[in-house]
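# Observations on the model geometry
Below are the chains, spelled out letter by letter.
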Amino acid sequence: QVQLVESGGGLVQAGGSLRLSCAASGRTFSSYAMGWFRQAPGTERESVAAISRNGVNTKYSDSVKGRFTISRDNAKNTVYLQMNSLKAGDSGVYYCAADRVSSDYVFKVGEYDYWGQGTQVTASS
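This text gives an overview of the structure that appears in the document. Here the structure is a predicted model, which is why all the values come from computation and not from measurement.

### Some words on the overall build of the protein chain
Within the protein chain, the regular secondary structure consists of zero helices and eleven strands. Each helix and strand of the protein chain, ordered N terminal to C terminal, gives the series β-β-β-β-β-β-β-β-β-β-β. In terms of overall dimensions, the protein chain has C-alpha extents of about 40 × 30 × 25 Å along its principal axes. For the protein chain, buried positions account for 43% of its 125 residues. Taking the contacts inside the protein chain whose residues are at least 6 apart along the sequence as the reference set, 60% of them involve residues at least 24 apart. Entry remark: accessible area of the protein chain is about 6,100 Å², with carbon and sulfur atoms responsible for 45%. Charge separation in the protein chain, taken as the distance between the mean sites of 13 positive and 10 negative side-chain charges, equals 4 Å.

Structure, rendered in structure tokens:
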């Protein structure tokens, strides 16, 4: 089993940047495909970005493509989400998650096995 802890959320003006981190403990971090998700009040949790076990393959939602970058450092057991040009519509609770089955990226919320507690991101317009 793996435990996930997100950090780096906060309040930022629209157009600003934030970098989220997700630290993993437990089993070998490089054994998991990782993803970032977000959920705004009254909406379903949606996929934002995903990355393969070795960090080579990534996928982004159309709404963040070109503005957000997912990366991972397997030596530090950490996955990151660099968020640039933030918009008010990017606000929500951001979660990281780990999938133990796939070696490639996983983009479906329901396929992840472990979740962090979330970190709030608010971009004010």
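Let's pick the thread back up.
### Here we look at the packing of aromatic side chains
A ring pair, where both rings are aromatic, is described by two values, the distance of the centres and the angle of the planes. Considering all chains together, one arrives at five aromatic pairs under this definition. Seen from their ring centres, Phe37 and Tyr112 are 5.0 Å apart, and the 80° between their planes marks the pair as edge-to-face. Of this pair, Phe37 sits in strand β4 (residues 33–39) while Tyr112 sits in the loop between β9 (92–99) and β10 (114–115), and the two are 75 residues apart along the sequence. Residues Phe37 and Tyr112 agree in their burial class; the two are buried. Ring centres 6.5 Å apart and planes at 80° place the aromatic pair Tyr95 and Trp115 in the edge-to-face group. With Tyr95 in strand β9 and Trp115 in strand β10, this residue pair connects regions lying 20 residues apart in the sequence.

### Observations concerning the nonpolar core
If you look at the biggest cluster of nonpolar residues, it comprises 28 residues, and the most contacted ones within it are Leu4, Met34, Trp36, Leu81, Met83 and Tyr94. Those elements giving two or more residues to this core turn out to be β1 (2–7), β3 (18–26), β4, β5 (46–51), β7 (68–73), β8 (78–83), β9 and β11 (119–124). Per-element tally for this core: the top contributor is β3, with four residues. Excluding residues within four positions of it along the chain, Met83 makes contact with Gly16, Ser17, Leu18, Leu20, Arg67, Phe68, Tyr94 and Val121. Within the second largest apolar cluster, six residues are counted, among which are Ala33, Phe37, Ala50 and Tyr112.

### Looking at the state of the cysteines
Within this structure, the stated rule accounts for one disulfide. In this model Cys22 forms its disulfide with Cys96; the gap between the sulfur atoms is 1.9 Å. The sign of the S-S torsion, about 45°, decides the handedness of the disulfide formed by Cys22 and Cys96: right-handed. Note that Cys22 is positioned in strand β3 and Cys96 in strand β9, a separation of 74 residues in sequence. On the accessibility criterion, Cys96 (0% relative accessible area) is buried.

Rules used throughout
- Residues numbered from 1 in each chain as written.
- Predicted model: local features only at pLDDT ≥ 70, side-chain atom pairs only at ≥ 80, totals over all residues.
- Heavy atoms only, no water.
- Helix = DSSP H or I, 4+ residues; strand = E, 2+ residues; numbered from the N terminus.
- Buried < 20%, exposed > 50% of the residue type's maximum accessible area, 1.4 Å probe, protein only.
- Contact = heavy atoms within 4.5 Å.
- Areas by Shrake-Rupley, 256 points an atom, 1.4 Å probe, with all protein chains shown as cover.
- Lys, Arg positive; Asp, Glu negative; His and termini not counted.
- Charge placed at Lys NZ, Arg CZ, Asp CG, Glu CD.
- Phe/Tyr/Trp six-rings, centres within 6.5 Å; stacked < 30°, edge-to-face > 60°.
- Core = buried A, V, L, I, M, F, W, Y, C linked by side-chain atoms within 4.5 Å.
- Disulfide = S-S within 2.5 Å.

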